[in-house]
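# Fold and contact review
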Amino acid sequence: MQQRVHGLRWFGLSVHACVLTACLGAVTASAQLVAGPNVGVPGPHVTIPQTSMSHPNFDGTVRFDWGDFTPNGANPVAYDGNAGPLEKWLTFDQDQDNDGDVDLDDFNQLIANPITLQENIGVSGTTAWTGWHERIDTPGWSWLPNPLVVGTAGPTNTVAVNTSTTMDITFDPYPPGDLLRIEKQFVFSASNPSSYVNDFFAGTLMVKIIEYPTVPEPASALLLLGLAAIRRRH
Ligand SMILES: [Ca+2]
Ligand SMILES: [Ca+2]
C-alpha cells in the first residue's frame, strides 16, 4: 500500500509525499522518521529548499541545511531494516545572484561551485548506528570526498568512502539519543549543462538523494561467518 500524504509541515520543512506509515511517525509528537536500507520500499520523502540569504547559517554559498544541531532542531531518524531509505529533494532558488531576474547568469552561478548539504540528525529508535549511507539519484551531480561527521560525543573511528554517486560513512556504534551532524559537498558534473537549463528556468531543477543509517551485523550473521572461518581452517 502506497498511500501518499501531501503538504505536511514538519520542523519547518515540507514533507510533500511519503508512505503513510512512515509519515504518521513524522507528524506525531516525536516527529520521528523511520529509514532503512530496503531500497525497493518508498521511504519518507522530504523536500529541502535552498538555505536562503536570510538564514542564520547562510555563508554566501549554495547550501541546504536540514534542521540544526540542537535537541529540538535536529531531525529524529530511527533505523528499521525493513524500511525504505529517506528520500531528500533539494530544490534551488532561481534568482541565484539576487539581481531581480532569472537568466543564464543565475544558472551558471549555481553550477560553478560546490554545494553543501548539512544534515542535523537525532539518532532515534533503539538500535545504535555504525554508519550512514547516501546516494545521489539525479544524474549530473557528484560527491566531493571528506564529509564532516560530528556528534554530541563521538562518533569515533569515522571512515568515509565515496564514488561520484555513493557516500559510505562508517563509525563505531553510536547510540540512540545522541545528535549527529553530517555535512557533505557535491558538484555539478554533467558534460551537457545546457540540457539542465530548461528545468532551471522552469523551477523544477532539483537533486534527489536517498540515505539511510546502517547498524551492526546481526549476531546470527556474525556467528555464521565465524563458523565458516572455523570450517576453512579445518
Ligand atoms: Ca538573477
Ligand atoms: Ca540577471
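Values in this document were obtained by computation on a predicted structure and should not be read as measured data.

Turning next to the overall build of the chain. Helix and strand counts for the chain come out as four helices and 15 strands. The contacts in the chain between residues at least 6 apart in sequence include a share of 70% that link residues at least 24 apart.

In this structure, strand β9 (residues 129-136) lies alongside strand β13 (residues 166-174), joined through six bridges in antiparallel fashion. Bridging across to β13, Trp129 finds its partner in Tyr174. Both β9 and strand β15 (residues 206-214) contribute to a ladder of six bridges, which runs antiparallel. What sits directly across from Glu134, in β15, is Glu211.

By the element assignment, Trp143 lies in strand β10 (residues 141-143). Looking at Trp143, the number of C-beta atoms within 10 Å reads 24, which means it is buried. Taking the C-alpha atoms as reference points, Trp143 and Ile115, 28 residues apart in sequence, are found 9.5 Å from one another. Those residues in contact with Trp143 that sit more than four places away from it in its chain are Ile136, Asn162, Ser164, Met167, Lys184 and Phe186.

Among the residues of helix α2 (residues 104-112), Phe107, Leu110 and Ile111 are the ones counted as buried. Seen from one end, α2 has its buried residues packed into an arc of 85°, which puts them on one side. Tucked inside the fold, the buried residues of α2 contact β14 (179-188) and α3 (194-202).

For the chain, per-residue confidence averages 85 on the pLDDT scale, and residues scoring 70 or more make up 80% of the total. Below pLDDT 50 for its whole length, residues 1-30 participates in 56 contacts with residues either more than four positions away or in separate chains.

Side-chain direction in a regular strand flips from residue to residue, so the side chains alternate between the two faces of the sheet. With four bridges joining them, strand β12 (residues 159-162) and β13 adopt antiparallel strand pairing. When the bridges of β13 are listed, Val159 appears paired with Thr170. A loop of three residues connects β12 with β13, the two strands running antiparallel in sequence.

What follows is about the environment of Thr163. With respect to the secondary-structure elements, Thr163 resides in the loop between β12 and β13. You can call Thr163 exposed: it has 12 C-beta atoms within 10 Å. Separated by 20 residues in sequence, Thr163 and Trp143 have C-alpha atoms that sit 7.1 Å apart.

The linkage connecting Gly154 with the following residue, Pro155, adopts the cis geometry, with an omega of -5°. As for its position among the elements, Pro155 is in the loop between β11 (148-151) and β12. In the Ramachandran plot, Asn98 falls in the positive-phi region, its phi being about 55° despite a non-glycine side chain. Residue placement: Asn98 occurs in the loop between β7 (86-91) and α2. Phi at Asn146 takes a positive value of approximately 65°, unusual for a residue other than glycine.

With that out of the way, let us pick up the environment of Phe200. Within the fold, Phe200 resides in helix α3. A count of 20 C-beta atoms within 10 Å places Phe200 in the buried class. Separated by 90 residues in the primary sequence, Phe200 and Leu110 have C-alpha atoms spaced 9.8 Å apart. When neighbours within four sequence positions are excluded, Phe200 is seen to be in contact with Phe107 and Leu205.

What counts and how
- Within each chain, residue numbers correspond to sequence positions counted from 1 in written order.
- Whichever chain is written first becomes A and whichever ligand is written first becomes 1, with later ones labelled in order.
- Only residues with pLDDT of 70 or above have their local features reported here, since the model is predicted, and side-chain atom pairs are shown and tallied only from 80 upward, although totals for entire chains, interfaces and linings are computed over all residues.
- Runs of E in the DSSP output that reach at least two residues are strands. Runs of H or I that reach at least four are helices, and both are numbered from the N terminus.
- Whether two residues are in contact is decided by their C-beta atoms, placed from the backbone, lying within 7 Å.
- At least two bridges found by DSSP between two strands are what make those strands a pair.
- The burial criterion counts other C-beta atoms lying within 10 Å of a residue's C-beta, which is placed from the backbone; the residue is buried at 20 or more, exposed at 12 or fewer, and partly exposed between these limits.
- Throughout, the arc means that of the directions going from the helix axis to the C-beta atoms.
- Scored from 0 to 100, pLDDT reflects the predictor's confidence in each residue.

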